[in-house]
Amino acid sequence: MEKYDAIIIGGGPAGYTAGIYLARAARNVLLFEGVPGGQAGTTDLIENYPGFPEGISGADLMEKFKHQAVKFGLKIKDGMVDSVEVREGKKIVKVREQEYVADALVIATGADANKLGVPGEEEYRGRGVSYCATCDGAFFKNVPIVVVGGGDSAVKEAVYLTQFGSKVYIVHRRDKLRAEKANQEMAFKNEKIEFVWNSVVEEIIGDKLGVTGVRIRNVKTGETKVIDAEGVFIYVGVTPNTAFLGDLVEKDEKGYIITNENMETNIPGIYAAGDCRKKLLYQVATAVGDAATAAWAAEEYLERLEAGQEV
Ligand SMILES: Cc1cc2nc3c(=O)[nH]c(=O)nc-3n(C[C@H](O)[C@H](O)[C@H](O)COP(=O)(O)OP(=O)(O)OC[C@H]3O[C@@H](n4cnc5c(N)ncnc54)[C@H](O)[C@@H]3O)c2cc1C
């Protein structure tokens, strides 16, 4: 069985950052990558990560993160971790029937936006279809935008998008919102927002350049129509990638890992960072901050362990 000081699960901004810190501390550390670059690696342009005033493509930024981590000695293996267990304080990570053991573990497995599963959604992803208004809203200046969903994320992001779009339609399958009252009021007061009630998206339509419209169906009348739009933001929930952990660490009802401010989970020596943990803001900058803290806390844990101190 291969042995390491620390294992990191996830090859997004949080995973690579934890790798930079732990490898630079001269630890023997292995990262399981999953999809290289994570969610950040899938986005065309990141304009709000400090240090890149002209913006940078997500793929280029993630390549730089990875390069920096490897330079300090991070070992990377591809593959999805199937499960994790703790035996006598050791963290056992299972990948394709192989076991790897470490004293400390950083979970940085991120999250995936729930999909609508309609035609055009995958095809126009990154060319009009987005799951992140903070990230992509500014690309849709003075054009109509459709937001899909009726919860807090949908409503808050729709209000945010009104600073860019000429008009923002909120398409919701019911006749009332699930969002908090304060968020609802903000949306109702905003003259740029139009609600399209009792309606579901049937298809996202486009051409060579990107999205041109959204075909919707009224679930009460069965009537269909096309809303002209160049941006479609989908907020029908996000699922953190934590199911493979089972009940190993404490999670909230949605599956987000609960940590303290040092990124410690309820299990000594196991840390969580980035979009897989419960927190306020899900961005590259916060993933990086979480991961630096998690790696630092893991390093202190390893030092206590080596000194024979209580962990
Ligand atoms: C389209 C889009 C655009 C965005 N634009 C911006 C932006 O402009 N600015 C910004 O700050 N943020 C942006 N974000 C948000 C940002 O990408 C995330 O907050 C950030 O990537 C979270 O980093 P993370 O490392 O926690 O998780 P992720 O990036 O989700 O990475 C998780 C990694 O873990 C891997 N993984 C999952 N399960 C396993 C497993 N069982 N075993 C091994 N590996 C596993 C995944 O394959 C992936 O490599 C955007 C998100 C999207 C979807």
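Residues numbered from 1 in each chain as written. Predicted model: local features only at pLDDT ≥ 70, side-chain atom pairs only at ≥ 80, totals over all residues. Heavy atoms only, no water.

Things to note about the site of the ligand
Our working definition: Put simply, a residue is near a molecule or strand once any heavy atom of it comes within 4 Å of that molecule or strand. Think of a polar contact as two N or O atoms within 3.5 Å of one another; within protein, one of them needs to be a possible hydrogen donor and the other a possible acceptor, and neighboring residues in sequence only count if both atoms come from side chains. Note on areas: these come from Shrake-Rupley sampling with a 1.4 Å probe, and a residue is covered only by the protein chains present in the view. Under the DSSP-based scheme used, a helix requires at least four consecutive residues in state H or I and a strand at least two consecutive residues in state E, with every element numbered from the N terminus. Residues are grouped as follows: Ala, Val, Leu, Ile, Met, Phe, Trp, Tyr, Cys and Pro are nonpolar; Asp, Glu, Lys and Arg are charged; all remaining types, including Gly, are polar.
What surrounds the ligand is a group of 33 residues, the closest being Val35, Gln39, Val81, Cys135 and Asp275. Within the side chain of Gln39, an N or O atom sits 2.7 Å from an oxygen atom of the ligand. Here the ligand loses 95% of its free accessible area of 1,000 Å² to cover by the protein chains. Counting residues per element, the ones that place at least two in the shell around the ligand are helix H1 (13-24) and helix H6 (284-306). Along the lines of polarity and charge, the residues of the shell around the ligand split into 17 nonpolar, 14 polar and 2 charged.

Quick word on the side chain of Asn198
The criterion, for reference: By the convention used here, residues are in contact when the closest approach between their heavy atoms is within 4.5 Å.
You can see Asn198 is positioned in the loop between strand E11 (193-196) and strand E12 (199-207). Apart from residues lying up to four places away in sequence, Asn198 is in contact with His172, Arg173, Arg174, Asp175, Arg217, Asn218, Val219 and Lys220.

Section: the sheet that holds strand E14 (residues 224-228)
Threshold: A pair of strands is labelled paired if DSSP reports no fewer than 2 bridges between them. Every axis in this analysis is a line fitted to C-alpha atoms, fitted for helices over the stretch in contact. Angles between the N-to-C directions lie between 0 and 180 degrees.
If you trace the 3 strands from one edge of the open sheet to the other, you get E12-E13-E14, paired in antiparallel fashion. Looking at which strands have only one partner, the edges of the open sheet turn out to be E12 and E14. Taking the axes of each pair of neighbouring strands and ignoring which way they run, one obtains an average angle of 25 degrees across the sheet.

So, the side chain of Lys279
The line we're drawing: We call a residue buried when its accessible area falls under 20% of the maximum for its residue type, exposed when it is over 50%, and partly exposed in between, using a 1.4 Å probe and counting protein chains only.
With respect to the helices and strands, the residue Lys279 is situated in the loop between strand E17 (270-272) and H6. Take Lys279: its relative accessible area is 18%, and that puts it in the buried class. Among the polar contacts listed, one links the side chain of Lys279 to the side chain of Asp290, at a separation of 2.9 Å. With residues near it in sequence (within four places) discarded, Lys279 still touches Gly274, Thr286, Ala287 and Asp290.

Describing the packing of aromatic side chains
Quick note on the threshold: Think of it this way: a Phe, Tyr or Trp ring, Trp meaning its six-membered ring, pairs with another when their centres are within 6.5 Å, and the plane angle makes it stacked under 30 degrees, edge-to-face over 60, tilted otherwise.
Applying the stated criterion to the full structure yields 8 aromatic pairs. Ring centres of Phe32 and Tyr100 lie 5.0 Å apart, and the angle between their planes is 70 degrees; this geometry places the pair in the edge-to-face category. With Phe32 in strand E2 (residues 29-32) and Tyr100 in strand E6 (residues 98-107), this residue pair connects regions lying 68 residues apart in the sequence. For the pair Phe32 and Tyr100, a shared accessibility class is recorded, and that class is buried. Both rings, one in Tyr256 and one in Tyr282, keep their centres 5.6 Å apart while their planes meet at 45 degrees; by these two values the pair is tilted.

A short note on the domain arrangement of the chain
Stated formally: Per the annotation, domain bounds derive from an automatic or database assignment of domains. Joining two parts hides part of their accessible area as seen by a 1.4 Å probe, and the buried area is that hidden amount summed over both.
Domain boundaries in the chain define domain 1 (2-112 + 238-306) and domain 2 (115-234). Just the C-alpha atoms count here: the centres of domain 1 and domain 2 sit 32 Å apart. Every contact between the two is made by 7 residues of domain 1 and, on the other side, 8 residues of domain 2. Together, the buried faces of domain 1 and domain 2 total about 480 Å²; carbon and sulfur atoms form 43% of this surface.

Re the layout of surface pockets
Applicable threshold: A pocket, in this scheme, is an open set of points on a 1 Å grid over the protein atoms alone with protein on both sides within 12 Å along at least 5 of 7 lines, while a cavity is a set where a 1.4 Å probe fits but cannot get out; residues line either one if an atom lies within 4 Å of a point. Grid points are joined across faces, edges and corners, and a volume is the space filled by probe spheres set on the points.
Estimates place the volume of the second largest pocket at around 210 Å³. What lines the second largest pocket is a set of 15 residues, among which Leu116, Val148, Gly149, Arg173 and Val236 lie closest to the centre. Residue contributions to the lining of the second largest pocket peak at 3 residues, all from E12.

Digging into the pairing of E14
Bridge count for strand E13 (residues 210-218) against E14 is 5 bridges, and the pairing is antiparallel. Directly across from Arg217, in E14, lies its bridge partner Thr224. Turn length for the E13-E14 hairpin, with the two strands adjacent in sequence and antiparallel, is 5 residues, and the turn residue Gly222 shows positive phi of about 80 degrees.

Quick word on the packing of H1 against H6
We count it as follows: Crossings are classed by handedness, with left-handed meaning an anticlockwise turn of the near helix from the far one by less than a right angle and right-handed meaning a clockwise turn.
Direction vectors running N to C along H1 and H6 enclose 40 degrees, while the axes themselves pass 8 Å from each other. When the axes of H1 and H6 are compared, the crossing they make is right-handed. The segment H1 lies against H6, with Pro13, Ala14, Thr17, Ala18, Tyr21 and Leu22 engaging Val284, Ala287, Val288, Ala291, Ala292, Ala295, Ala298 and Glu299. Of the residues contributing to the contact of H1 with H6, the split by class is 12 nonpolar, 1 polar and 1 charged.

Digging into the pattern of salt bridges
Put simply, the test is: Salt bridge, as used here, is a side-chain nitrogen of Lys or Arg placed within 4 Å of a carboxyl oxygen of Asp or Glu.
All chains considered together, the criterion is met by 17 salt bridges. Here Glu85 ties to Lys94 by a salt bridge, and the two come within 3.2 Å at their closest N and O atoms. We classify Lys94 as partly exposed; its relative accessible area is 25%. Salt-bridge contacts for Asp290 lead to Lys279; the nearest nitrogen and oxygen are separated by 2.9 Å. With Asp290 in helix H6 and Lys279 in the loop between E17 and H6, this pair connects stretches of sequence that are 11 residues apart. When salt bridges with common partners are traced through the structure, they connect Asp5, Arg27, Glu299 and Glu306 into a single cluster.

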